[in-house]
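Letter by letter, the chains look like this.
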Amino acid sequence: MILEMDMKNVLALDVLNRGAHVLMEMNEVLRMLEDLIRNLRNMTKEIEIQENDLFEFVPLYRVQFAQPAFDHVEMLKQKAKYLEELFSFAISNSSKSFQAITAYDRIRAGFESALAQAKNAANVSKEASIRIQTLLRQYPLESITNDSDTLIEDGFTLRHILEKSIHGRLTEYKDLLENVKWRLQSANVSLKVINNQIGHLHESRFDLQISELLNQIRGMLGIWDEIGGHIQESEIRIDTELLPKFHTLKQQADFNPDRVDNLMDEVGRNLNQARSKSIDVESVKSRKESRMDNADEKMKHLKALIALAKHKSDAVKVSIGPDETGTCFRLYKWPVVGGATAITFNFAPIKTSDSLLFYWPSSITEDFVAIQMVNLQLKAIWDLGSGVKNLTHPLKLTQNTEAQLDDPDIWYHISYDRVGSDVAFGVGKVDSSTPQTAVTEEILKYPSEVDENSTVMNMGRNDLIHIGGISKLRRPGLVTNGLSGCIHNLRVNYETIGLWNFVGNEGCAPCTECSASIIDAQNIERDYYFDGRGYSIVKRIQSQAFYSKSFDINMEFRTYAESGLLFITVNEVMGQSLSLEIHNGQVIFKARHSWTNLENSIYLETTGEKLNTGKWIKVQALWVYQKFLQTGQLSVVGKQYTQQVESSDVSLELYNAPYQIGGLSPEFYSGKLNNNIGTNISFVGCLKNLLIDGNTYDPLSDQYHGVETPCGGKKIHVTSFEGNGYAEYPSRTITKDKFKLGFSFKTTSPTGLLLLSAFSKKANTSEEPFYAVYLENGEIYAKVNFGNSHGEITLQDKFENRYDDGKIHDFRLVRKLKKFLLFMDDEQVGRENIQAKPLSIPISSRHGLFIGGASRVIQEKFSRILSQIQKGFAGCIENLYFDDQILNFNHPIAHQNQNLGQCPIHFNSIVVDRFGGEYFSKIQALAHVQPIPEEDRCPGIKSEIEHENLHSALHFGDSLDSYVAIPLEGSRNLRQQFNLTFYFRTFYPNGLIFHGVKKKGEEYHILSYLKDGQLIFKFANRLWSQELVSSFSNLNDGKWQMVSIIKADDKMYLYINSQITSEARVVKRMKQIGKLYLGGIPIGGSDFLENSVQKPDHFKGCIKKLIINSHEYEFNATSVVRHHVNPCFRQVEAGSFFGGDSYAIYMYNFTFNNPIELEMEFRTNSKNGELLTFIPDFSRQSSSFSIYLRDGQVVASDVSGSVESLAIESFPQNPEYLCDEQWHSVKANFLGRSISLKVDTFTNVDSLMESSTRIHGSWRAVTGTLFIGGHDGRSYIKRPGFHGCIKNILINQYRKDWSDMAVLNNVFLNSCPI
């Protein structure tokens, strides 16, 4: 017995030794596999890089990469040099204003660093060019591809050997723990780096560095989460898999049980260590989260300091002229404009030579605006896309004398105002003897045609304003001489261009300010205008005594705004604050002593009529503590409000607290502060006579932004609403011959009334005329009612675009005689003609224009004929104009809940979930894949079907008007050099893949389409065309095809699957393409294609990865319009997919005649489902038939009335026979009173119906509807829809394509998922 046990021990030891040897061999093989996979990944990545270089960089390298890099280096050199010059000049010219701007020294150091990086980038570019050429000579693409294929085959072979060798899970656990150990080491190294960076955070002064640091921290947190997940997974698998195996081994083995116990103890210790590491990870994660919070606070503070520095330099108005060499040229970056542009500046001529004063060109279009001096006359020139236009002012300028060069005395005020396509250009001489009087200007107007196509100035994000010259290409009609005078107080869109944001400079010297802007010091009572985007910070006069037991404020204000902060001072350390604000038209006074304890607080609010009436309102607020009693007193318009609170000894320690007037500065980002004031909205309106504790304060004396004096004559062109307000203004009549209404808006709300104009001049009219603009389900509508039963017209976007995307859109409604046109974003989207004689709509010019909503009286009056009036608009409206006059929002007749001068950030673009969510709600008519009940699901069928990436791949053609519209912007336009790459997959030989149209007008097109399996690219206008035809055919094989269309100057190449298939010499510069339609075009959307004899069919298949000049477009972007498109399955084969609630109508008025022969092939995911059903049109007593699946069997049935009179099942009795994920064929014959059914190669099943079972005794022909895959619910037979794929349908030997069916509902055409 002992000998037998010793033998077993020896055998067991031998087995363990061999197991250990096998384990070592497997580890070695695993390392080999890891090396091989790593090499494979590196080689694949290198192939991708080389392929991109070959097909993208080589044709366009010189134009798009090398030369711009060298240009960028030179620009950065100039930028660093002229930053020094600028700040030396600014300090000498306005030393007091620039004392606080210390951040710019560090910014200059940053530019020097950027210059060094740019030089390195230039060297890298040279090396890349050499490397590309070397690769092209030494490594042909075919050789690289063959090597990759060989490497992949070796990898799969080795993987197969490894899979056969590994029988246990011990290696997997070991690798998993090693992976955790490696990640812990890597995380510790990264933590040290992050700790070092956080320690030096105060040395960094750039948003970019902070953002990178936060990204690293978040990445580390992700690593910790992943490590925690690995450890938790290890614990679970050890508990559920490894431990039971060892318990089994202990029970069954007869040898050396102590060894197994020791092994179990070791496993337990390892498990405890893993748990201990998990606890350590959680602790470190918690510390890192705390550090990240501190980093966030530091970043906020850093951003606040940068914003303060920018605001301080904003106060220094531009005043520049030529230097001693006669040179002055500067570049400024400024926010882009749209439907309206306002430019003003002062100019003093010191030379007679022609000069380009102001130039703002677009980099993405031909649009521009320029102001120049020619022969001592000022000339405005502009182009909005419909041709260059100009106005020359008749006033002859007078030159300053040589003695006045440093201090010019003769100044002119220049203004350029564009509203839509209408322009007003004014020039007037400044009277230096009366510096505060308005400058008298002579205004020239350029009235455009009422149906002008181009009214929007399309600018790129980085387009620059030029002062005194042109930086790049010369433009015909513009002079090239430098600045011939001094420019001062340049304002664009009512905002002063500050000194901080110039990006380029050459020459330039300071000029003395224009006397018209000098403040009259003798004028004691001054009023100040706050524009709603700024604030003023003044410091307490330290020479005056401060008493902590009292505080008083006196001021006067006038405003139409509902809410706004008037005054606040805060001791952030103690949490004490004292504030004065307007909220919902009432004045509120607060005094608080703690962030959290509000028991001793003072809160006073006015009551009665709202105070935002546009009249001057005097406010007096007082806080006093005396004899254990706090007293707050608020006096407004003769009314006095008082509150007393018994308190122990309290005081307001505001000795060093700054006074914030009209808004919060960037430093006031504290969440505690925002929670303790009623509003953080900046004030819009006028303030004067500001006294604090008996001392007069000037809002312009220290730090300020968005504040100026005097207050009178200010215009406001932006307002916003929250869905519960309105504003009323004077309206305009729609005349018989012409009329134009336009404005810009931004919203994320799908429904709301934008504008309503009513109140006819004929007060006794029974049916009052009106016109209205509103959003409904995100689409735009314009309704015009002529009153007196003359009817009405409704214009809407024929392309069904949505405009609730949080982006600015330009609306325009025009009338020309009997024609009404609707434009959106400079594109005509609607048109209606009135049949009767032209009628005017007489609207009162004194009132009746409601914006953002309507009053309750108007809502009740129009609710019957305009139901949309009940829902107010939530969003921003700006630059509203009639004909050539822009409306000033600053003088409403009546208003309620209006945010005057404000456009809150919560109306900005919606962030859309990439992986579903809101993206699916944006896809119209998305095919629904109904889940299969578990009892019906075929075994082995996945519950979800794999899709391509939803934001980069879509399926087209399931509807006749299936398409995606993509606007093109910036350098992605298809013009002189470009690389357009995309992938497509289809089983159909013909179809339009994309159609590109010009930004403005339809006279120029590009398109790509399949014809008989060949790809054709074509560009043309109405007179000529040119095309490239691929030499490859049979591209409709259901596989992904990669297409690259490359244009390099006058040569164009067509690549398919990385092989050149066609090339041609073309025009060097193509017209600008503004919009690209994928897969099809809107119905009636292109006259060019609609009238074409060879109009391509709509595309039926998938398109993915649209890339233009290295930019991949996302189909779920808010600017992209998707119409009747579906997700794209990852792998497919021929056959149309039905998702459970899908159906196709083969034919209406189908005749159920004698005989009927049916054939089809199907592949099912469910044991039950409708394959084919005939439903008669009229009587339920008429005959019908069906072919369907029931419990895994094919059933053919004949139905008379509501009774299934005859049903036969297919021969195979195995219920899972059809659930093998293979195609099966079914044939059925309906002949008189008999049915014959055959499935695959099984024997026919025949059945004869007895004559007594048919109600009508004799058979007769019946007409009805033939459904495939399901029905529309009208059938009295309730069966589930088919879930699977169907193809090759033959009825009476006739084959009909899916695209020829009468109706398709949620059917994926020829896209059967594998």
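About the thresholds
Residues numbered from 1 in each chain as written. Predicted model: local features only at pLDDT ≥ 70, side-chain atom pairs only at ≥ 80, totals over all residues. Heavy atoms only, no water. Helix = DSSP H or I, 4+ residues; strand = E, 2+ residues; numbered from the N terminus. Buried < 20%, exposed > 50% of the residue type's maximum accessible area, 1.4 Å probe, protein only. Contact = heavy atoms within 4.5 Å. Areas by Shrake-Rupley, 256 points an atom, 1.4 Å probe, with all protein chains shown as cover. Pairing = 2+ DSSP bridges. Axes fitted to C-alpha atoms, helices over the stretch in contact; angles between N-to-C directions. Core = buried A, V, L, I, M, F, W, Y, C linked by side-chain atoms within 4.5 Å. Salt bridge = Lys/Arg side-chain N within 4 Å of Asp/Glu carboxyl O. Disulfide = S-S within 2.5 Å. Phe/Tyr/Trp six-rings, centres within 6.5 Å; stacked < 30°, edge-to-face > 60°. Lys NZ or Arg CZ within 6 Å of the ring centre and 35° of its normal. 1 Å grid on protein atoms, 1.4 Å probe; cavity = no way out; pocket = protein on both sides within 12 Å on 5 of 7 lines; lining within 4 Å. Points joined across faces, edges and corners; volume = space filled by probe spheres on them. Nonpolar A, V, L, I, M, F, W, Y, C, P; charged D, E, K, R; others polar. Polar contact = N/O pair within 3.5 Å; in protein donor to acceptor, adjacent residues only side chain to side chain. pLDDT = per-residue confidence, 0-100.

**Topic: the overall build of the protein**
Then comes step 1: Within the protein one finds 10 helices and 70 strands.
Then comes step 2: Counting across all 1314 residues of the protein, residues that qualify as buried make up 52%.
Then comes step 3: At a minimum sequence separation of 6, the contacts of the protein that also span at least 24 residues come to 73%.
Then comes step 4: Carbon together with sulfur atoms contributes 50% to the accessible area of the protein, which is approximately 61600 Å² in total.

**Re the sheet that holds strand β7 (residues 388–392)**
Then comes step 1: If you walk across this open sheet you meet the 7 strands as β7-β6-β5-β4-β11-β2-β14, and the pairing is antiparallel. At either margin of the open sheet sits one strand with a lone partner, and together these are β7 and β14 (502–507). Strand after strand, the sheet turns through a mean of 10° between neighbouring axes, direction not considered.
Then comes step 2: Relative to strand β6 (residues 377–383), strand β5 (residues 368–374) runs antiparallel, the two sharing 7 bridges. Within β6, the residue paired with M373 across the bridge is L378.

**Description of the sheet that holds strand β45 (residues 991–998)**
Then comes step 1: If you walk across this open sheet you meet the 7 strands as β48-β47-β46-β45-β52-β43-β55, and the pairing is antiparallel. At either end of the open sheet lies a strand with only one pairing partner, and these are β48 (1025–1029) and β55 (1121–1123). Here the strands of the sheet are splayed against their neighbours by 15° on average, with no regard to which way each runs.

**Comments concerning the pairing of β5**
Then comes step 1: Within β5, 6 of the 7 residues are buried, leaving the element largely enclosed by the surrounding structure.
Then comes step 2: For strand β4 (residues 355–361) and β5, the ladder comprises 6 bridges, and the chain directions are antiparallel. In the sheet register, W360 faces β5, and the bridge partner there is V369.
Then comes step 3: Once β4 ends, the chain turns through 6 residues before running back antiparallel as β5.
Then comes step 4: What sits between β5 and β6 in their antiparallel hairpin is a turn of 2 residues, with N375 showing a positive phi close to 55°.

**Describing the nonpolar core**
Then comes step 1: The biggest cluster of nonpolar side chains holds 57 residues, and the ones touching the most others in it are F745, I780, F811 and L880.
Then comes step 2: Sorting elements by how many residues they give to this core places strand β30 (residues 738–747) first, with 4 residues.
Then comes step 3: Residues within four places of F745 in sequence aside, it is in contact with L754, L775, I780, Y803, K807, I808, H809, F811, M824, F873, C876 and I877.
Then comes step 4: Counting residues in each nonpolar core, the second largest holds 42 residues, with V538, F567, L604 and L634 among its members.

**A short note on the pattern of salt bridges**
Then comes step 1: Tallying each qualifying case throughout the model produces 18 salt bridges.
Then comes step 2: Note that D698 and R526 form a salt bridge whose closest N and O atoms lie 3.4 Å from each other. Here D698, found in the loop between β27 (695–696) and β28 (703–708), pairs with R526, found in the loop between β15 (509–510) and β16 (527–538); they are 172 residues apart in sequence, far enough to count as distant.
Then comes step 3: According to the relative accessible area criterion, R526 is buried, its value standing at 16%.
Then comes step 4: The salt bridge involving D804 is made with R802; its shortest N-O contact spans 2.8 Å.
Then comes step 5: A single network of salt bridges, built from pairs that share partners, joins R491, E708 and K714.

**A word on the state of the cysteines**
Then comes step 1: Inspection of every chain in the model, using the stated rule, returns 7 disulfides.
Then comes step 2: Residue pairing for C686: its cysteine sulfur links by disulfide to C711, the two sulfurs lying 1.4 Å apart. Residues C686 and C711 are joined through a disulfide that is left-handed, its torsion about the S-S bond being -45°. Pair noted here: C686 is in strand β26 (residues 684–692) and C711 is in the loop between β28 and β29 (718–730), with a separation of 25 residues, a long-range link.
Then comes step 3: Of the residues examined, C711 reaches a relative accessible area of 3% and is grouped as buried.
Then comes step 4: Paired through a disulfide, C876 and C903 show a sulfur-sulfur distance of 2.0 Å. Measuring the twist about the S-S bond at about 100°, one finds the C876-C903 disulfide to be right-handed. Residue C876 is found in strand β39 (residues 874–882), and its partner C903 is found in the loop between β41 (894–900) and α9 (918–922); the two are separated by 27 residues along the sequence.

**Description of the packing of aromatic side chains**
Each aromatic ring pair is specified by the distance between its two centres and by the angle formed by the two planes.
Then comes step 1: All told, the structure shown has 36 aromatic pairs when counted by the stated rule.
Then comes step 2: Here Y1146 and F1150 contribute two aromatic rings whose centre-to-centre distance is 6.4 Å and whose plane-to-plane angle is 85°, an arrangement assigned as edge-to-face.
Then comes step 3: Relative accessible area serves as the criterion here: at 3%, Y1146 is assigned to the buried category.
Then comes step 4: Judged by its relative accessible area of 8%, F1150 falls in the buried class.
Then comes step 5: An aromatic cluster is built from F982, F984, F994, F1017, F1019 and F1099, whose rings are joined through pairwise contacts.
Then comes step 6: K1104 extends its terminal NZ or CZ atom over the ring of W1040, reaching a point 4.3 Å from the ring centre.
Then comes step 7: Positioned above the aromatic ring of Y1188 is the side chain of R1279, whose terminal nitrogen or guanidinium carbon lies 3.7 Å from the ring centre.

**Some words on empty space enclosed by the protein**
Summary: where empty space remains is shown by rolling a probe the size of a single water molecule over the atoms.
Then comes step 1: As enumerated under the stated definition, the model contains 10 cavities of 30 Å³ or more in all.
Then comes step 2: Within this model, the largest cavity holds a volume of roughly 90 Å³.
Then comes step 3: Contributions of two or more residues to the lining of the largest cavity are made by β30, β35 (809–816) and β39.
Then comes step 4: Within the lining of the largest cavity, the residues separate by chemical class into 4 nonpolar, 6 polar and 3 charged.

**Some points on the environment of H393**
Then comes step 1: Here H393 lies in the loop between β7 and β8 (412–419).
Then comes step 2: Along the primary structure H393 and G426 are separated by 33 residues, whereas in three dimensions their C-alpha atoms are 7.5 Å apart.
Then comes step 3: The residues contacting H393, other than those within four sequence positions of it, are Q377, L378, F425, G426, V427, E442 and L444.
Then comes step 4: A distance of 2.7 Å separates the side chain of H393 from the backbone oxygen of E442, its partner in a polar contact.

**Observations concerning the confidence of the model for the protein**
Then comes step 1: Mean pLDDT for the protein: 76, with 65% of residues reaching 70 or above.
Then comes step 2: For the stretch residues 161–170, pLDDT sits under 50, and the model shows 9 contacts to residues farther than four places along the chain or on other chains.
Then comes step 3: In the predicted structure, residues 761–766 sits below a pLDDT of 50 and forms 6 contacts with residues beyond four places in sequence or in another chain.

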